[in-house]
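Spelled out, the chains give:
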Amino acid sequence: MKKALITGVTGQDGSYLAEFLLGKDYEVHGIKRRASLFNTQRIDHIYEDPHLIDRRFVLHYGDLTDSSSLTRIIQEVQPDEIYNLGAQSHVAVSFESPEYTADVDAIGSLRILEAIRILGLEKKTRFYQASTSELFGLVQEIPQKETTPFYPRSPYAVAKLYSYWITVNYREAYGIYACNGILFNHESPRRGETFVTRKITRGLANIAQGLEKCLYMGNMNALRDWGHAKDYVRMQWMMLQQDQPEDFVIATGEQHSVRQFIEWSANELGISLLFEGQGLNERGIVTNVCGEKAPGIKVGDVIIRVDPRYFRPAEVETLLGDPEKAKQELGWIPEISVQQMCAEMIAEDLKVAQRHAFLKANGHDVPVSVEK
Ligand code: NDP
Ligand code: GDR
């Protein structure tokens, strides 16, 4: 039985990857951080009682800022594959905690690679690095592929650039099977609540249930290539099953705006939207940004308002990936469209909003706010 070790197992990708690998008969080990509250909601359904003897899913306390914990866990587990998914993964937050982001997202990867080397596991342990389309930042070529030059635009992306290159370097210097998946944005109902797609589906579901009145957004013109996390973790595994380690861009090859995602979400919920900039004309008719009549919208319908606090000091305006290499060499193609994904996210967030609306109607407090 193969053994895999996942950093970031409590995150969106970590949870889907753990499920996927368990389905392939792996023994799966995950590193979780100590927190003052439980942080395992995404993996509770695959949790196994530590008192069981033949466990196939094992959690270890550790942290990417702590070499000794990483080395100890890797020594104990002797993994065939390590998936380094742990990160301070929020781009906007990286401007506020740049040093911590560098420690986790850049040096964290080095700590793992060094542990593999020091423990003499260069020939045994394969290493996957969660690289990102944010490396392309201020894009130098459209669409972006494996050979497109990088131009990172945030402390997060700069830290990930280090990890990209240290992965290449340890592959070339020490012969470790190490590779980068340069993944474009991927989402799911398990996406963190402060990333834009989840913020939209959760916010609009709350509005539809009368729990919130307004959705405050940043740059709605940003363009992204969004896929489903389930499709993308399959590819992470495929990358470690090849004869030779190589780096791959993983994307859908389709691009949409944040505004478009808001509109799909509203359609799923059957609600009308009123964007800031739209308003009443002098005859009391609701108008769109061009002052034209906006059909189907009446005063009091959902408001989407821009709040500059969600603008970033440097923005990545447009990303569009070219997944041709992954298709040709690995036969990977994404199976879930962005519209299907949006519908799935809305359906899940609506269930939660309905529960919260019920609780609120019965006098209980419910969590509604979103920061960042
Ligand atoms: P999440 O933010 O959902 O998960 C991040 C994980 O990292 C969580 O388990 C988190 O733990 C853990 N983590 C954070 N800091 C540390 C630390 N100091 N030590 C150990 N673990 C830590 O991210 P995703 O699942 O969306 O992404 C997975 C990886 O892929 C990340 O590296 C991300 O940067 C990268 N990526 C993501 C893309 C996407 O669109 N989702 C696209 C390209 C790359 P906790 O639960 O305790 O917070
Ligand atoms: P991103 O994802 O920065 O691409 O990083 P995010 O969903 O945060 O932003 C996407 C785009 O939407 C714009 N935006 C907003 N973003 C947030 N979070 N909140 C808002 O209110 C808002 N309004 C507009 C952003 O400005 C941006 O242009 C994600 C993370 O998962 C990274 O870890 C990963 O590496 C990349 O995707 C690929």
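Preceding block: the structure.
Residues numbered from 1 in each chain as written. Chains lettered and ligands numbered in written order. Predicted model: local features only at pLDDT ≥ 70, side-chain atom pairs only at ≥ 80, totals over all residues.

## As for the overall build of the protein chain
Which entries qualify depends on this criterion: Helical segments are the DSSP runs of H or I of at least four residues, strand segments are the runs of E of at least two, and each set is numbered from the N terminus. When we talk radius of gyration, it's over C-alpha atoms, and the globule rule is simply 2.2 Å times the number of residues to the 0.38. Here the C-beta atoms are placed from the backbone, and a residue counts as buried if at least 20 other C-beta atoms lie within 10 Å of its own, exposed if 12 or fewer do, and partly exposed otherwise. Any two residues are considered in contact once their C-beta atoms, placed from the backbone, lie within 7 Å.
What the protein chain contains, in helices and strands, is 10 helices and 16 strands. A compact globule built from 372 residues should have a C-alpha radius of gyration of about 21 Å, and the protein chain, at 22 Å, falls within 12% of that. Within the protein chain, buried positions represent 43% of all 372 residues. Across the protein chain, every contact between residues at least 6 apart in sequence was considered, and the portion connecting residues at least 24 apart equals 77%.

## Quick look at the site of ligand 1
Threshold: In this analysis a residue is considered near a molecule or strand if the C-beta atom, reconstructed from its backbone, is found within 6 Å of that molecule or strand.
In the neighbourhood of ligand 1, 26 residues make up the surrounding shell, with Gly8, Gly11, Gly86, Ala87 and Ala130 lying closest. Elements with a contribution of two residues or more to the shell around ligand 1: helix H1 (12-23) and strand E5 (126-132). By residue number, the principal contributor to the shell around ligand 1 is H1, which donates 3 residues.

## What to know about the nonpolar core
Our working rule: To count as a nonpolar core, a set of buried Ala, Val, Leu, Ile, Met, Phe, Trp, Tyr and Cys residues must be joined through C-beta atoms within 7 Å.
Core analysis: the largest hydrophobic core is formed by 62 residues, its most contacted members being Ile6, Leu17, Leu113, Phe127 and Ile250. No other element matches helix H5 (residues 155-174), which puts 8 residues into this core. What leucine 113 contacts, discounting residues up to four positions off in sequence, is Phe127, Ile166, Tyr170, Ile176 and Ala178. In terms of nonpolar packing, the next biggest core, distinct from the first, is built from 25 residues, Ile207, Leu215, Trp226 and Ile304 among them.

## Digging into helix H4 (residues 98-118)
Counted only if it meets this: Given the number of residues in a helix, its expected span is that number minus one, multiplied by 1.5 Å. Note on bend: at a given residue it equals the angle between the axes fitted to the 7 residues ending there and to the 7 starting there.
Its 21 residues give H4 an end-to-end C-alpha distance of 28 Å, which sits within 8% of 30 Å, the value for a rise of 1.5 Å per residue. Roughly 40 degrees is the biggest bend found in H4, and it falls at isoleucine 107. For H4, the complete set of buried residues consists of Thr101, Val104, Asp105, Ala106, Gly108, Ser109, Arg111, Ile112, Leu113, Ala115 and Ile116. Structurally, H4 contributes buried residues whose contacts are with helix H2 (67-77), strand E4 (81-84), helix H3 (91-96), E5, H5 and strand E6 (178-183). Of the residues trailing H4, glycine 120 is marked for its positive phi of about 70 degrees.

## Side note on the site of ligand 2
Quick reminder of the rule: Polar here means any residue outside two lists: the nonpolar Ala, Val, Leu, Ile, Met, Phe, Trp, Tyr, Cys and Pro, and the charged Asp, Glu, Lys and Arg; Gly therefore counts as polar.
Surveying the vicinity of ligand 2 reveals 23 residues, the closest of which are Ser89, Thr132, Val196, Gly218 and Ala222. Breaking the shell around ligand 2 down by element, the ones donating at least two residues are H3 and helix H6 (196-208). Classifying every residue of the shell around ligand 2 by side-chain character gives 11 nonpolar, 7 polar and 5 charged.

## Here we look at the sheet that holds strand E13 (residues 273-275)
Let me state the cut-off plainly: Paired strands are those between which DSSP finds at least two bridges. Simply put, an axis is a line fit to the C-alpha atoms, just over the touching stretch for a helix, and the angle between two N-to-C directions goes from 0 to 180 degrees.
Pairing within the open sheet is parallel, and its 3 strands lie in the order E8-E16-E13. The sheet is open, and its two edges are formed by strand E8 (214-217) and E13, each paired on a single side. Strand-to-strand twist of the sheet, defined as the mean angle between neighbouring strand axes without regard to direction, takes the value 25 degrees. For E8 and strand E16 (residues 302-306), the ladder comprises 4 bridges, and the chain directions are parallel. Paired with cysteine 214 across the two strands is isoleucine 303, which belongs to E16.

## Observations regarding the pairing of E4
The side chains of a regular strand alternate, residue by residue, between the two faces of the sheet. Along E4, one buried face is formed by Glu81 and Tyr83 and the opposite face, lined by Ile82 and Asn84, is buried too. Judged from the 4 bridges that link them, E4 and E5 form a sheet pairing that is parallel. Note on E5: the bridge partner recorded for glutamate 81 is arginine 126.

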